[in-house]
Amino acid sequence: MRIAEITTPDLRLHHRETDSHSHHPLLSEIELLIQQSEAISKNQPLPQSLPISLRQSLTRLSQLAPFPDNSFKLTIWKLSFRLWNACVDLSNAASLQSSSTSAESIANLRHVAADMLFLAKDVTGVPSPTVKSSLFYYRTGLVYHSLKKFDLASDCFERATEIVSKIDIAKISDAGEKKLFLDLNLARSRTAWEVSDRNLAVTLLNRAKNMLFGSPDHYKSLSNQFLAFGKSSLSRDDDDCSLNDALRLMNEALDLCEKGLGTAKTREDTMEFSAMRIKTLRFISAVHLQKGEFENVIKCVKVLRNGGNGSDGADQHASLPVLAMKAWLGLGKHSEAEKELRGMVGNNDIPEAVWVSAVEAYFEVVGTAGAETAKGVFLGLLGRCHVSAKAALRVAHRVLGESRGGDNGSRIRANVVAQLVSDERVVALFAGEAVTKERKAIHSVLWNSASDHFRAKDYETSAEMFEKSMLYIPHDIENRVFRAKGFRVLCLCYLGLSQLDRALEYIEEAEKLEPNIACSFLKFKIYLQKKEHSCAIAQIDAMMSCLDFSPDYLSLSAHEAISCQALPVAVASLTKFLSFCISGKTMPTTEVVVFRTLVTILTQDIGSETEALNFMLQAQSRASKLGTECFFGSGETGKREQNWFAVTCWNLGSRCGNAKKYELCGEFLRLASEFYSYMDTDESGENKMMICRSIILSVTAMIALEKQNKSALTETQVKLAAELLVRAGKIMSSSLSNGKDCIMEPELIFMYTLLAYDIHGRLNNSAFQLLVVKTFAGSKSCHYNYLLQLGIFASQSPQSNPDVSTFALNECLSALIASASPDYPTIALIIRKLISISSIHKGDTNDEEAILKMYKQAYRIMVGLKEGEYPTEEGKWLAMTAWNRAALPVRLGQFGTAKKWLSIGLEIAEKVTGMDTYKACMQDYLAGFQTKVSSA
């Protein structure tokens with residue numbers, strides 16, 4: 001504000017005198033500098049050197065004090081006023097440019113003007129020069145305060161205080177001067193507060209109580225300053241000291257308001273004091289609330305609502321229900337707090353941010369029990385006034401809280417929010433481009449809540465929240481991917497709830513929006529759980545047609561199928577996976593593992609042996625083609641894989657053999673021999689022996705199948721069996737030559753011999769038949785029972801070989817006779833069998849002698865035996881057949897030969913019990929026969 005130049009009559013009397021002194025060099029220098037400041041245009045910046053030059057000139061001027069006369073002082077006053085007015089003009093121009101540097105320089109010029117005026121403060125002829133000098137410092141301090149130069153401001157205020165300190169307050173009559181005293185104290189107090197000198201600030205305010213002069217305006221100013229300091233203390237850290245300071249200051253403000261009401265002389269003053277009193281009471285309530293003095297809050301609110309003490313009516317400020325609600329919550333009276341909260345719905349003056357904050361505060365204390373109330377209040381406000389999307393977002397987020405799902409409280413909160421966000425009015429709040437950010441935010445809030453419940457396996461609540469989140473995804477092309485994602489997670493939720501039809505509906509919707517492998521796989525999973533295996537197998541082909549398909553999904557599909565016990569589906573999936581392996585593509589799983597998994601799955605289902613055999617054949621073919629190390633792997637891993645395939649084939653062959661599935665049994669065992677041949681032959685020769693066992697049992701199965709089907713083996717099959725046996729024979733010969741025949745079970749060696757005899761008999765290789773039997777007879781594994789069986793088999797089979805049969809039976813007979821306790825029934829059987837074979841295949845006289853020799857051998861065996869030790873029936877058979885063999889020679893007149901048979905028959909009969917009658921007849925006949933021969 002510009003200050004008018006001094007033109008009082010007294011000063012005009014001294015005009016001439018003043019002019020005589022105005023030409024002092026220092027004054028001229030100062031005037032010149034002031035003229036420079038007056039000449040600065042609005043667009044021209046203030047030179048930085050000007051305040052410094054003026055300060056230097058003023059310093060030199062101060063050294064001339066005391067000044068010679070009053071006219072000199074008056075000139076200084078005029079120059080001071082001119083400089084002040086120039087500063088006002090410069091400030092107005094600087095405010096348009098918003099230059100902080102220029103504003104500080106102008107403030108420095110103001111400070112120079114105040115100091116200049118202070119030098120000549122005792123000029124005569126000027127009314128209240130001391131007050132005017134103080135006023136210059138006061139206004140300069142205000143400028144410094146606004147520039148946050150609190151040290152300079154404090155210096156100015158203190159200088160002004162010192163200037164007026166000598167004035168007797170009681171003698172002041174001018175209202176402006178009275179106001180200056182009060183304002184100066186308030187300004188000093190504010191500056192002290194800013195530099196955190198709280199005690200000085202409060203002391204100055206208390207000192208200002210002596211400068212009220214009964215003026216309502218003074219009471220208002222001082223009360224407002226106490227309130228301002230109280231609010232500042234309240235906004236600091238919420239410690240007890242700050243709150244106590246705030247409460248003390250606000251009580252001072254309230255006291256001043258009530259005292260000021262007594263000084264009010266107009267209705268306007270009364271209304272202002274009442275408004276200030278109500279405002280102060282509200283802040284006092286807030287302080288009590290922060291201090292936890294909830295009952296005092298309720299008292300303050302009741303006073304405010306009831307009016308009184310000069311108030312024209314009840315206070316309906318928007319903060320009162322919030323204060324009351326929080327106080328009731330602090331007192332634990334939730335029902336009262338709920339009333340306050342619901343009462344806010346009808347108050348149109350409550351800003352949105354206030355009631356949203358109130359809802360948050362209520363729910364934070366009450367928790368899950370207040371969820372329904374929070375929802376009701378929000379919907380009530382929604383029907384009463386315009387509510388922003390941001391407010392709805394805050395309420396939803398607060399009600400959901402930070403729960404991770406899985407507990408009853410989280411479920412209740414989620415259900416309340418689901419009801420809230422599904423309201424059409426709430427959905428409408430988030431429509432349009434203007435609220436895109438809020439719409440995305442509430443979608444994220446709902447989605448995250450649904451995800452938490454999903455992780456907690458609360459699929460029902462999760463599905464509900466995911467469905468509600470879909471309400472906040474626009475139905476446009478840009479958001480198709482998000483909608484598809486929502487449908488997919490809903491499918492997962494209903495899969496978890498085993499509501500498969502509904503899950504299928506959602507995944508089909510997702511597939512319409514974004515057809516990809518994820519959708520296709522989920523459909524596959526649904527078909528599995530619905531046990532629609534044919535649809536699941538068809539879905540595998542659909543997955544492979546997806547653009548983002550990778551073979552890993554086939555492996556994953558197989559795992560899912562196995563977990564659902566859908567073995568055909570697992571096999572179909574792995575078969576597709578196997579095709580990728582065979583094609584040579586780089587796969588995460590090796591080919592051998594896929595084969596092993598397929599066979600393992602098939603072996604779990606009885607009746608799938610044929611399919612298992614096919615995959616085993618493929619595996620063997622791939623191993624032969626790629627090489628064992630490439631197919632099975634190297635090192636111990638490769639060995640384990642080889643062993644698994646070999647052992648599995650053996651076990652499957654055994655299982656099929658027990659089930660009389662001889663064709664499969666033979667194939668599995670043949671494959672087992674192939675897999676065993678891939679393995680290292682260790683020193684013990686166990687793997688070699690397993691090859692032999694597999695081959696022998698494989699050929700055995702072929703023979704068993706022949707008997708089962710009652711159809712002879714084909715020529716190809718016979719040749720294959722022969723090749724297999726030759727292979728086994730070589731291995732056995734190698735082992736026998738190394739003395740390792742003990743590894744092989746005698747039964748298997750016997751089976752090999754029997755099979756070799758049979759197969760080579762079909763090939764008309766009688767020489768090999770005899771060789772293989774002789775080889776077996778010379779082995780350590782040979783036993784007379786095996787030789788007996790070989791002899792009987794060779795004599796009775798379609799490919800009978802009397803040489804083999806005779807050899808085997810003779811070897812068996814020799815072994816029995818040489819034993820410590822001969823088995824005479826078996827010996828009798830062998831002798832009878834040898835006689836029968838020789839009788840059937842005899843050719844010349846030598847054969848006849850051989851047969852006779854057998855009878856004599858039997859007789860020698862019988863000599864010395866106890867009665868009945870040699871089988872009686874066999875003995876009778878020998879005696880009778882030997883006697884009867886003499887019939888033909890008798891007819892032919894070969895009496896010598898006839899006599900031999902008659903004699904041996906009689907000798908054997910004498911060793912057999914029960915033939916006494918026969919012996920007498922035989923003796924009589926033989927005596928007569930001898931007489932007849934002698935007489936002839």
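Remember, predicted model here, so these are calculated numbers, not experimental data. (Residues numbered from 1 in each chain as written. Predicted model: local features only at pLDDT ≥ 70, side-chain atom pairs only at ≥ 80, totals over all residues. Heavy atoms only, no water.)

1. What to know about the overall build of the protein chain
Inference 1: The number of helices and strands found in the protein chain is 46 helices and 0 strands.
Inference 2: Its C-alpha atoms give the protein chain a radius of gyration of 62 Å, clearly above 30 Å, the size a compact globule of 936 residues would have.
Inference 3: Projecting the C-alpha coordinates of the protein chain onto the three principal axes gives extents of approximately 215 × 65 × 55 Å.
Inference 4: Put simply, the protein chain has 936 residues, and 47% of those count as buried.
Inference 5: Contacts in the protein chain between residues at least 24 apart in sequence constitute 65% of all its contacts with a sequence separation of at least 6.
Inference 6: On the protein chain, roughly 45,000 Å² of surface is accessible, and the fraction owed to carbon and sulfur atoms is 52%.
Inference 7: Taking the 105 positively charged and 106 negatively charged side chains of the protein chain as two groups, their mean positions are separated by 0 Å. (Helix = DSSP H or I, 4+ residues; strand = E, 2+ residues; numbered from the N terminus. Rg over C-alpha atoms; globule rule 2.2 N^0.38 Å. Buried < 20%, exposed > 50% of the residue type's maximum accessible area, 1.4 Å probe, protein only. Contact = heavy atoms within 4.5 Å. Areas by Shrake-Rupley, 256 points an atom, 1.4 Å probe, with all protein chains shown as cover. Lys, Arg positive; Asp, Glu negative; His and termini not counted. Charge placed at Lys NZ, Arg CZ, Asp CG, Glu CD.)

2. Details of the state of the cysteines
A covalent bond between the sulfur atoms of two cysteines is what we call a disulfide.
Inference 1: For the structure shown, the criterion picks out 0 disulfides.
Inference 2: Of all cysteine sulfurs in the structure, the one in cysteine 564 sits closest to cysteine 535, which takes part in no disulfide; the separation is 15 Å.
Inference 3: Using a relative accessible area of 30% as the deciding quantity, one classes cysteine 535 as partly exposed. (Disulfide = S-S within 2.5 Å.)

3. Quick word on unusual backbone geometry
Inference 1: Notably, serine 498 is not glycine yet its phi reads approximately 60°, a positive angle.
Inference 2: Within the element layout of this structure, serine 498 appears in the loop between helix H24 (480-496) and helix H25 (500-513).

4. Examining helix H29 (residues 567-582)
Inference 1: Here H29 is 16 residues long and its end C-alpha atoms lie 22 Å apart, about the 22 Å a rise of 1.5 Å per residue gives.
Inference 2: On its buried side, H29 packs onto helix H26 (517-529), helix H27 (533-544), helix H28 (552-563), helix H30 (591-603) and helix H31 (609-626). (Expected span 1.5 Å × (residues − 1).)

5. Looking at the packing of aromatic side chains
Inference 1: The tally for this structure, following the rule as stated, stands at 30 aromatic pairs.
Inference 2: A ring pair is formed by tryptophan 77 and phenylalanine 81, whose centres lie 5.8 Å apart and whose planes are at 20°; its orientation type is stacked. In this pair, tryptophan 77 and phenylalanine 81 both sit in helix H5 (residues 70-97), 4 residues apart, roughly one turn of the helix.
Inference 3: Classification of tryptophan 77 by relative accessible area gives buried; the value is 0%.
Inference 4: On the basis of an interplanar angle of 65° and a centroid distance of 5.7 Å, the ring pair of tryptophan 883 and tyrosine 925 is categorised as edge-to-face. On the criterion of sequence distance, the pair formed by tryptophan 883 in helix H43 (residues 872-884) and tyrosine 925 in helix H46 (residues 916-935) is long-range, its members being 42 residues apart.
Inference 5: Exposure remark for tyrosine 925: the relative accessible area of 42% places this residue in the partly exposed category. (Phe/Tyr/Trp six-rings, centres within 6.5 Å; stacked < 30°, edge-to-face > 60°.)

6. Examining the confidence of the model for the protein chain
Inference 1: The predicted model of the protein chain has a mean per-residue pLDDT of 84, with 90% of residues at 70 or higher.
Inference 2: Ignoring residues within four places in sequence, the model shows residues 5-22, a span with pLDDT below 50, making 24 contacts including any to other chains. (pLDDT = per-residue confidence, 0-100.)

7. A word on the side chain of serine 37
Inference 1: Along the chain, the position of serine 37 falls in helix H3 (residues 25-39).
Inference 2: A residue is classified by how much of its surface remains accessible, and serine 37, at 2% relative accessible area, is buried.
Inference 3: With sequence-adjacent residues up to four places away left out, serine 37 is seen in contact with Leu50, Leu83, Ala86 and Leu90.

8. Some points on the environment of glutamate 509
Inference 1: With respect to the helices and strands, the residue glutamate 509 is situated in helix H25.
Inference 2: Sequence spacing of glutamate 509 and phenylalanine 487 is 22 residues, and the spatial spacing of their C-alpha atoms is 6.8 Å.

9. Digging into the packing of H26 against H27
Inference 1: As a packed pair, H26 and H27 sit with axes 9 Å apart at the nearest point and diverge in direction by 170°. Classed by the angle they form, the pair H26 and H27 counts as roughly antiparallel. Taking contact as the criterion, the partners of Ile517, Ser520, Phe521, Lys523, Phe524, Tyr527 and Leu528 in H26 are, on H27, Cys535, Ala536, Gln539, Ile540, Ala542 and Met543.
Inference 2: Split by residue class, the contact of H26 with H27 holds 10 nonpolar, 2 polar and 1 charged. (Axes fitted to C-alpha atoms, helices over the stretch in contact; angles between N-to-C directions. Parallel < 35°, antiparallel > 145°, perpendicular 65-115°, else oblique. Nonpolar A, V, L, I, M, F, W, Y, C, P; charged D, E, K, R; others polar.)

10. Here we look at the side chain of aspartate 458
Inference 1: Examined against the element boundaries, aspartate 458 turns out to sit in the loop between helix H22 (436-455) and helix H23 (459-469).
Inference 2: Residue classification places aspartate 458 among the buried residues on the basis of a relative accessible area of 10%.
Inference 3: Among the polar contacts made by the side chain of aspartate 458, one reaches the side chain of threonine 461 at a distance of 2.8 Å. (Polar contact = N/O pair within 3.5 Å; in protein donor to acceptor, adjacent residues only side chain to side chain.)

11. Looking at the pattern of salt bridges
Inference 1: A complete count under the given rule lists 40 salt bridges for this structure.
Inference 2: Between arginine 82 and glutamate 38 there is a salt bridge, with its nearest N and O atoms 3.0 Å apart. Remark: glutamate 38 occurs in helix H3 and arginine 82 occurs in helix H5; sequence separation between them is 44 residues.
Inference 3: The partly exposed category is assigned to glutamate 38, whose relative accessible area is 38%. (Salt bridge = Lys/Arg side-chain N within 4 Å of Asp/Glu carboxyl O.)

12. Focus on a negative patch on the surface
Inference 1: Residues Asp151, Asp155, Glu158 and Glu162 make up a contiguous surface patch of negative charge.
Inference 2: Topologically, aspartate 151 is positioned in helix H8 (residues 150-164).
Inference 3: The class of aspartate 151 is exposed, set by a relative accessible area of 53%. (Patch = residues over 30% accessible without salt bridge, like charges linked within 9 Å, V, L, I, M, F, W, Y side chains within 5 Å.)

13. Things to note about the environment of lysine 291
Inference 1: With respect to the helices, strands and loops of the structure, lysine 291 is situated in helix H13 (residues 267-291).
Inference 2: For lysine 291, a relative accessible area of 26% puts it in the partly exposed group.
Inference 3: The spacing of lysine 291 and leucine 247 is 44 residues in sequence and 9.8 Å in space, taken between C-alpha atoms.
Inference 4: Here lysine 291 is in contact with Leu243, Asn244 and Leu247, once residues within four sequence places are set aside.

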